[in-house]
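A look at the structure
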Amino acid sequence: MTEWTILWEARETFINGLIGTLVLFVLSTLCAFVLGCLAVYRLEAGDRFSWVIRTLINLMRTLPFLILAYLLYYGLPQLGVRMDAWTAGFISLIIYHAAYFAEILRGSRLVMPAGLVEAALAHGFTPGRLFWRIILPQLVIKTRPLLGNQLIIALKDTAFLTIITVQELTAAANSAQSTYFIPTQAFVLVIILYWLISICLELALKWAGRFGAKRGFDYV
Amino acid sequence: MSDSNAALAVSIKRMSKSFGDIEVLRDIDLEVKKGEVVSVLGSSGSGKSTMLRCINWLEVPDRGSIHIAGERIGVNEAAGRKMNNKELATLRAKTGMVFQGFNLWPHLTVIQNVMEAPIYVKGMAKDQARAIAEQLLEKVGMSERKDAYPFTLSGGQKQRVAIARALAMSPEVILFDEPTSALDPERVGEVLQVMKNLSSEGYTMIVVTHEMEFARAVSDQVVFLEKGLIIEKSAPDKFFSNPETERVRKFLELSN
């Protein structure tokens, strides 16, 4: 039996791992994006709570992702908050990448021409409608390459979660290599799988690029 | 609501505004009747744009009062407090504004720009908003480009779309902030023509402009600002042929 046929025998481990990674990635980036948008919306008020959000975003950006995952999974039980590996994994991915999404959008908000906002105010938009209908769509279209880049980083960050025992793709490779002693093949396989997901993201980004170009938005 | 103001589209009383130590507007009084066109002239920095932007509270005046169709903006008189965002938005929806820099929303097509406020501010049904938008784009001669995105339009075309966008809210008054100043000379005419048509249709308009011909031909009142003061306010015939002040005489000489 060659190493590659062993991999085939262990396919179920890899398929489950792939599904785990995809679920983690899709759900957590969706939630992170929504949370990031909400944070930027709240920043519009410019009050004390906005300042708190700003500080939280900055704190999150100074933290290595793995430390955050460790903190949630190993640190919190000490304070009496216990959660399973998946929950800790989801939460850490969501809040970590929400901070980055928020920072990307915030940067673009700072340089948005004031006139576009004034035009909406002059036509009777309330702050909420103004943000969700006029400001946010422009920010998202404008920052699409940065947001796409962040998605790829988030995808790769899911691999860290193997360390807090989340059964995703990297955990699958690890378990296959330690069971059958075929590290090279196991890891090459998951690299290919990560790569395939990234290619799908690249295609989506290309589409987003055309969507923006059609509206006259240059890359940031 | 104060009844004495009901026939007026806009009424400004003793309005003043400073930016830091610089007083940009002082004791401005202005009454604009429904259907009237008022041109606001003056050199750069005289406070024309600030005055216009105070009317819909894009700038907050320090003193004085502004009523739009009889309703005081910025202050909820019944409750004795400042207006909240929602009250302010409701009253702003009764004014239209056209900017020097067009400010069309770039992520929306021409027709979507016109439909956006009726749908999301007034809560109008999409079909109805579309029908109104199509009508207005026809009026400003932009029907053929209704599915284009703003970046593909010329300045004159953008401004005509911006006018349609303002009209879509059926405003009590339309505020024009130097609508032709960012246009090349060949495009100025097409925008002024649209504005002339509006005035003959009975729209109430306050126009900050440097277009003397337009002010003379279309206005019911001409207002001249100098260092934040209205130093002359008269009918266009009188203003252009027999001004009261030396300052206006000089201004007219230099602009001819």
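Everything numeric in this text was worked out from a predicted model, so none of it was measured. (Residues numbered from 1 in each chain as written. Chains lettered and ligands numbered in written order. Predicted model: local features only at pLDDT ≥ 70, side-chain atom pairs only at ≥ 80, totals over all residues. Heavy atoms only, no water.)

1. A closer look at the packing of helix 7 (residues 127-142) of chain A against helix 8 (residues 144-157) of chain A
For any two helices packed against each other, one specifies the inter-axial angle together with the distance between the axes. All names here are of chain A. Their axes nearest at 5 Å, the elements helix 7 and helix 8 cross at an angle of 70°. Put simply, helix 7 runs roughly perpendicular to helix 8. Taking contact as the criterion, the partners of Val140, Ile141 and Lys142 in helix 7 are, on helix 8, Arg144, Pro145 and Leu147. In terms of residue class, the contact of helix 7 with helix 8 is made up of four nonpolar, no polar and two charged. (Axes fitted to C-alpha atoms, helices over the stretch in contact; angles between N-to-C directions. Helix = DSSP H or I, 4+ residues; strand = E, 2+ residues; numbered from the N terminus. Parallel < 35°, antiparallel > 145°, perpendicular 65-115°, else oblique. Contact = heavy atoms within 4.5 Å. Nonpolar A, V, L, I, M, F, W, Y, C, P; charged D, E, K, R; others polar.)

2. Here we look at the packing of aromatic side chains
The final tally for this structure, using the stated rule, is 15 aromatic pairs over all chains. Each ring, one from A:Tyr73 and one from A:Tyr74, has its centre 4.9 Å from the other, and the planes form 70°; the classification is edge-to-face. Its relative accessible area of 45% is what places A:Tyr74 among the partly exposed residues. Aromatic pair B:Phe239 and B:Phe240: ring centres 5.1 Å apart, planes at 75°, arrangement edge-to-face. In this structure, B:Phe239 and B:Phe240 share a single accessibility class: buried. Within the aromatic cluster, the residues linked to one another by ring pairs are A:Phe65, A:Tyr96, A:Tyr100 and A:Phe160. The aromatic ring of B:Tyr120 is capped on one face by A:Arg133, whose charged end is 3.8 Å from the ring centroid. (Phe/Tyr/Trp six-rings, centres within 6.5 Å; stacked < 30°, edge-to-face > 60°. Buried < 20%, exposed > 50% of the residue type's maximum accessible area, 1.4 Å probe, protein only. Lys NZ or Arg CZ within 6 Å of the ring centre and 35° of its normal.)

3. Concerning the interface of chain B and chain A
Counting residues at the interface gives 25 residues for chain B, matched by 23 residues for chain A. Regarding the contact of chain B and chain A, the summed buried area is about 2200 Å², with carbon and sulfur atoms giving 64% of it. In this assembly, chain B and chain A are joined by two salt bridges. The salt bridge involving A:Arg133 is made with B:Glu116; its shortest N-O contact spans 2.7 Å. The interface formed by chain B and chain A includes eight residue pairs in polar contact (both at pLDDT 80 or more). Counting residues per element, the ones that place at least two in the side of chain B that touches chain A are helix 2 (85-92), strand 8 (95-98), helix 3 (110-120) and helix 5 (155-167) of chain B. No other element matches helix 2 of chain B, which puts four residues into the side of chain B that touches chain A. Grouping the amino acids of the side of chain B that touches chain A by side-chain chemistry returns 15 nonpolar, five polar and five charged. (Buried area = accessible area lost by both parts, 1.4 Å probe. Salt bridge = Lys/Arg side-chain N within 4 Å of Asp/Glu carboxyl O. Polar contact = N/O pair within 3.5 Å; in protein donor to acceptor, adjacent residues only side chain to side chain.)

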